[in-house]
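Now for the letters of each chain:
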Amino acid sequence: IYKFCLFLIIMAEEKIKEDCIFCKIIKGEILCYKIYEDEFSIGFLDNFPSVKGQSLVIPKKHLAPWLFDLDDEIYCKLMLAAKKVAKAIDKSFRPLKTGIMVEGLELDHVHIKIFPLSKSGFRNCSKKLSPFPSKEEMEETAKKIRSCLE
């Protein structure tokens, strides 16, 4: 019975990975506007931004669901990648501040959201940009941030 239960758990986890939007982005099955990549993580523009330059940093491995459940080495690697992306956003857009948010409510794959912030802070982060940025605008934004990576 134990082996069968373990088999069912493994199969359920594999199904989650198959359906995971972020795993599909990592595999190249879904378009992303990549701004950063290392052996462990990838950073890209949020496809549904509430502010220009809003980005995500995710581990390439499907790790879910909570950031604070990660072991310290993985946690540090992910946070350092987010720091690099945040600094590039700072240089490229010169926001008042750049903030991060980790809530993990929308997708079951650990991710860090990075926001260039104005005086209103996170207040407008639940609204989506209108008009929605075009493909060309997203490509230009990604290029601008990539050019500022250290």
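Note that residues are indexed from 1 along each chain, following the sequence as it is written. Only residues with pLDDT of at least 70 are given local features in this predicted model, and only at 80 or more are side-chain atom pairs given and counted; all residues enter the totals for whole chains, interfaces and linings. Just so you know, side-chain values use all the structure's heavy atoms and leave hydrogens and water out.

## A closer look at the nonpolar core
And then number 1: Core analysis: the biggest nonpolar cluster contains 23 residues, and Val-57, Leu-78, Val-85 and Ile-114 have the highest contact counts within it.
And then number 2: Elements with a contribution of two residues or more to this core: strand S1 (34-37), helix H3 (72-93), strand S5 (112-117) and helix H4 (135-146).
And then number 3: Among the elements that make up this core, the one with the highest residue count is H3 (seven residues).
And then number 4: Among buried residues, the Ala, Val, Leu, Ile, Met, Phe, Trp, Tyr and Cys ones that are joined through side-chain atoms within 4.5 Å form a nonpolar core. Under the scheme applied here, a residue whose accessible area is under 20% of the maximum for its type counts as buried, over 50% as exposed, and between as partly exposed, the area being computed with a 1.4 Å probe on protein chains only. Ranked by size, the runner-up nonpolar core spans nine residues in total, among them Cys-20, Cys-23, Ile-25 and Ile-58. Note on conventions: DSSP H or I runs of at least 4 residues are helices, E runs of at least 2 residues are strands, and numbering of each starts at the N terminus.

## Some remarks on the pattern of salt bridges
And then number 1: Any Lys or Arg side-chain nitrogen located within 4 Å of an Asp or Glu carboxyl oxygen qualifies as a salt bridge. According to the stated counting rule, one finds three salt bridges in the structure shown.
And then number 2: Residue Glu-73 is joined to Lys-77 by a salt bridge in which the shortest nitrogen-to-oxygen separation is 3.5 Å. Of this pair, Glu-73 and Lys-77 both sit in helix H3, four residues apart, which is roughly one turn of the helix.
And then number 3: Lys-77 gets classed as partly exposed once you look at its relative accessible area, which sits at 36%.
And then number 4: Ionic contacts of the salt-bridge type, sharing partners, join the residues Lys-34, Glu-37 and Lys-60 into one network.

## What to know about the pairing of strand S2 (residues 41-45)
And then number 1: In terms of burial, S2 is a largely internal element, five of the five residues being buried.
And then number 2: Taking every second residue as pointing to the same face, both faces of S2 are buried, with Ser-41, Gly-43 and Leu-45 on one and Ile-42 and Phe-44 on the other.
And then number 3: Relative to S2, S1 runs antiparallel, the two sharing three bridges. The residue bridging Tyr-36 from the neighbouring strand is Gly-43, located in S2.
And then number 4: Strand pairing is assigned whenever DSSP identifies at least 2 bridges connecting the two strands. Taking the residues that link successive antiparallel strands as the turn, the S1-S2 hairpin has three residues.
And then number 5: With five bridges connecting them, S2 and strand S3 (residues 55-59) associate as antiparallel partners. Directly across from Leu-45, in S3, lies its bridge partner Ser-55.

## What to know about the sheet that holds S3
And then number 1: Reading across from one edge, S1-S2-S3-S5-S4 is the order of the five strands in this open sheet, with antiparallel pairing throughout. Looking along the sheet, the strands with just one partner apiece sit at the ends: S1 and strand S4 (97-101). Sheet twist, expressed as the mean angle between neighbouring strand axes with direction ignored, is 20°.
And then number 2: Bridge count for S3 against S5 is three bridges, and the pairing is antiparallel. Residue pairing for S5: Val-57 is matched across the bridge by Ile-112.
And then number 3: With respect to the sheet, H4 is in contact with S1, S2 and S3, its orientation differing from that of S1 by roughly 35°. Inter-axis angles, ranging from 0 to 180 degrees, are taken between N-to-C directions of lines fitted to C-alpha atoms, where helices are fitted over the stretch in contact. Should any heavy atoms of two residues lie within 4.5 Å, those residues are counted as being in contact.

## Remarks on the packing of H3 against H4
And then number 1: The contact between H3 and H4 brings their axes to 8 Å, and the two run at 105°. With respect to each other, H3 and H4 are oriented roughly perpendicular. Residues Ala-88, Ile-89, Ser-92 and Phe-93 of H3 form the contact with H4, whose own contacting residues are Thr-141, Lys-144 and Ile-145. An angle below 35 degrees is treated as roughly parallel, one above 145 as roughly antiparallel, one from 65 to 115 as roughly perpendicular, and anything else as oblique.

## Some thoughts on unusual backbone geometry
And then number 1: Backbone geometry places Arg-94, a non-glycine residue, at a positive phi of 50°.
And then number 2: Note that Arg-94 resides in the loop between H3 and S4.

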